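Observations on the three-dimensional arrangement
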Amino acid sequence: ELNALNMAMWNQITQHFTTLHQNQDLRCIIIRGADGQFAAGADVQEFATVRNTLADGMRYHNQTIAASLKAICECQHPVVAAIEGVCVGGGLEIAISCDIRVASRNARFGIPINKLGFPLAPKEMQSLLSLVGRAIASEILLEGRLFTADEAYAKGLLTRVTENAQVFTEAHATARRIAAGAPLVARA
């Protein structure tokens, strides 16, 4: 529900972005969630099977999630996140791995990890720190609350906020502007 991310989904993200990275015909990629939700973070029902020990949890974060986020970050093509609905936990990590983030006004953001009993993995935290700095990252992680798109924009998490019905129109317009430019410059 709400596009909770399970191990299979993380692996699919890695595979898709590895394939997209190699496609020289692309100029820009738009990533979005299904059914009006970007992604709600971890599928907590899966914790008992894939994160039931410290070693399993570390492997899950340091290999599975890290590989997906790296594939997005290191994709040679610019990546635009079109965000609506929930963009929480791993969903927010996916979004901040993108080059540009466009969100609908109804989107909600946060990393409520303080309720899960384990910290954000260091590699995952680095992207958040690089984007918003220590003070904002500390607030997001320590409070664990959800916040609006306008607040996410003010914190530096978003590139722009649109009216709800315009998020995909704006994401596509952004991609068209990128695609109209020189691809080697955009990739560099």
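Predicted model only: the values in this text are computed from it and were never measured. (Residues numbered from 1 in each chain as written. Predicted model: local features only at pLDDT ≥ 70, side-chain atom pairs only at ≥ 80, totals over all residues. Heavy atoms only, no water.)

1. Here's the deal with the pattern of salt bridges
This structure, assessed with the given rule, holds 9 salt bridges. Put simply, glutamate 139 and lysine 155 hold a salt bridge, and the shortest N to O gap is 2.9 Å. Highlighted residues: glutamate 139 in helix α5 (residues 122-143) and lysine 155 in the loop between α6 (149-154) and β7 (160-162), separated in sequence by 16 residues. Residues lysine 155 and glutamate 151 are paired through a salt bridge, measuring 3.1 Å at the closest nitrogen-oxygen approach. On the basis of relative accessible area, glutamate 151 is assigned to the partly exposed category, the value being 22%. Each of the salt bridges in this network shares a partner with another, and the network as a whole consists of Glu139, Glu143, Arg145, Glu151 and Lys155. (Salt bridge = Lys/Arg side-chain N within 4 Å of Asp/Glu carboxyl O. Helix = DSSP H or I, 4+ residues; strand = E, 2+ residues; numbered from the N terminus. Buried < 20%, exposed > 50% of the residue type's maximum accessible area, 1.4 Å probe, protein only.)

2. Examining the pairing of strand β2 (residues 79-83)
The buried fraction of β2 amounts to 5 of the 5 residues, a majority that puts the element mostly inside the structure. In β2, alternate side chains face the same way, and those of Val79, Ala81 and Ile83 on one face and Val80 and Ala82 on the other are all buried. In this sheet, β2 lies alongside strand β1 (residues 29-32) in parallel orientation, the contact comprising 4 bridges. Its bridge partner lying in β2, isoleucine 30 is registered against valine 80. (Pairing = 2+ DSSP bridges.)

3. A few points about unusual backbone geometry
For residues that are not glycine, phi is negative in most cases, and the peptide bond is trans in most cases. One non-glycine residue, aspartate 35, lies in the positive phi region at around 55°. Along the polypeptide, aspartate 35 turns up in the loop between β1 and α2 (47-50).

4. Concerning the sheet that holds strand β6 (residues 147-148)
Across the sheet, 3 strands lie side by side as β3-β5-β6; this open sheet has mixed pairing. Either end of the sheet is taken by a strand with one partner, and the two such strands are β3 (86-88) and β6. Sheet topology places β3 next to strand β5 (residues 108-110); 3 bridges connect them, and they run parallel. Across the sheet, residue valine 86 finds its bridge partner in β5, namely arginine 108.

Fair warning: the whole summary comes from geometry, so function is off the table for now.
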